[in-house]
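Structural characterization, general
Below are the chains, spelled out letter by letter.
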Amino acid sequence: MTSDERPFSFRSVALAAFLPTLLFSIGEGAIIPIIPVAAGNLGAGLAMAGFIASMVMLGELAGDIPSGWVVSRLGERTSMIGAAAVAIAGVAVCLVAPNYWVLMAGIFLVGIATAVFALARHAFMTSYVPVQYRARALSTLGGIFRAGWFVGPLIASLVISATGSTQSVFWIFIVSCLGSVVVLIALPDPEKMFGPSARVADERGERVTEGEEDAEERTHGLFRTIWSFREVLLRMGAGVSLVAAIRSARTVLLPLWAVSIGLSESNTALIIGIAGAVDFALFYASGQIMDRFGRMWSAIPSMLGLGAGFIVLAFSHDLPSNVTWYIGVSLFLSVANGIGSGIVMTLGADLAPKDHPAPFLGAWRFSADAGQAAAPLFVSLLTALVSISFASGVMGVLGLAGAAMLARYIPRYVPRRARPA
């Protein structure tokens, strides 16, 4: 360790690491609920409005793999600043969009920016946070994202009430992105605070230079990394794809279920809001479980709980007490999801190569986001072809399958570490 480095302190890095993420997430959370409304105001039908709303996730999916190359080439902080700038550009396009096709392009840009921003912070945590704090740090990062998505819509509601304009919500994202940039520039760069990390130091402890040779290595590192880790990406990647799919299905199924059993909009919002608060409250507990007892003690109970919850829900639709069952299962699913907070990011950090983790993490996040993007379409298809109860049952079975897959492969690829002293 050189004279200008110091040991890692989670407390000292928390503000610089998490505040930009919180600001960005608040802006994203503010615009997501109003995207279908904005599309409808520009003449889009219901199906097209839903498709435009999905452009955020499709943009993230498209941006996941190249984001690894961007972050490893430019560094975490520069990538986050650039992602915030791209997001502002995308929102500006939305503000001036003359039709819903232009709005779609702006939302897609926001999705790409989100992929780069999230990957950059994930890569920093992977590189600099010591293993004994890793799960807690990444669970907290996941909690920060959830907090932003919870607070953002509340702010959007207040802004719409004050201005009477749906379009005004896009300005929340612009202000949030500008705030993120100011924080990233004003606060100390965590990468510089703690000196070289293991991924950028050679055997002599010297930092890898940023010359032409390193740039070329990083440029080609993405495809080499994907090929080198094809086995783990196929096996563990399939597992986390199911994790993301079940989580995504939960956000789609619960509102649809409420409509199908005749709950009012206000009661639905109240139940889902309380469930979301329960989910958010457990993020740090999830990190504690993973750091103290191992990754499986968070991942497997979470997936078993989600799978069982969906299966129980599938048989409750026509019961006289279906509303009571709906409330109970919603809260149960929130607990199950909450104890798995941060598991996808933590497993990705555990599996990422020490030298250049960003390309691997980009591919890893692509696996998860593919499942997250596919699940709503799958749920909609099953509901249209059979019934919403059948869709819930199928997602429950997939949740149990995901638990079995993770139970098989986590011990192989992420063996239990000794508890730190």
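Computed from a predicted structure; not experimentally measured. (Residues numbered from 1 in each chain as written. Predicted model: local features only at pLDDT ≥ 70, side-chain atom pairs only at ≥ 80, totals over all residues. Heavy atoms only, no water.)

A few words on the pattern of salt bridges. Scanning all chains against the criterion turns up five salt bridges. Shared partners join several salt bridges into a network, and the residues in it are R136, D291, R295 and D350. (Salt bridge = Lys/Arg side-chain N within 4 Å of Asp/Glu carboxyl O.)

With that settled, the discussion passes to the packing of aromatic side chains. Considering all chains together, one arrives at seven aromatic pairs under this definition. Taking the centre distance of 5.3 Å and the plane angle of 40° together, the rings of Y100 and W101 count as tilted. Ring centres of F280 and F283 lie 5.3 Å apart, and the angle between their planes is 40°; on these two criteria the pair is classed as tilted. Residue F280 is classed as partly exposed on the basis of its relative accessible area, which comes to 33%. What links up through ring pairs into an aromatic cluster is the set F24, F117 and F173. (Phe/Tyr/Trp six-rings, centres within 6.5 Å; stacked < 30°, edge-to-face > 60°. Buried < 20%, exposed > 50% of the residue type's maximum accessible area, 1.4 Å probe, protein only.)

Turning our eyes to something else, we now look at the environment of A403. Considering the arrangement of structural elements, one finds A403 in helix α18 (residues 388-413). Remark: the alpha-carbon pair of A403 and L304, spanning 99 residues in sequence, is separated by 6.0 Å. The contacts of A403, once residues within four sequence positions are left out, are I300, M303 and L304. (Helix = DSSP H or I, 4+ residues; strand = E, 2+ residues; numbered from the N terminus. Contact = heavy atoms within 4.5 Å.)

This part covers the confidence of the model for the protein chain. Model confidence for the protein chain is summarised by a mean pLDDT of 81, while 85% of its residues fall at 70 or above. Across the protein chain, helix α14 (residues 296-314) holds the top mean pLDDT of 94, while helix α10 (residues 212-228) sits lowest at 54. Across residues 196-220, where pLDDT falls below 50, the model places 36 contacts with residues more than four positions away in sequence or in other chains. (pLDDT = per-residue confidence, 0-100.)

What follows covers the environment of V151. Checked against the element boundaries, V151 lands in helix α7 (residues 131-163). Judged by relative accessible area, V151 falls into the partly exposed class, the value being 29%. Sequence separation between V151 and A30 is 121 residues; the distance between their C-alpha atoms is 7.8 Å.

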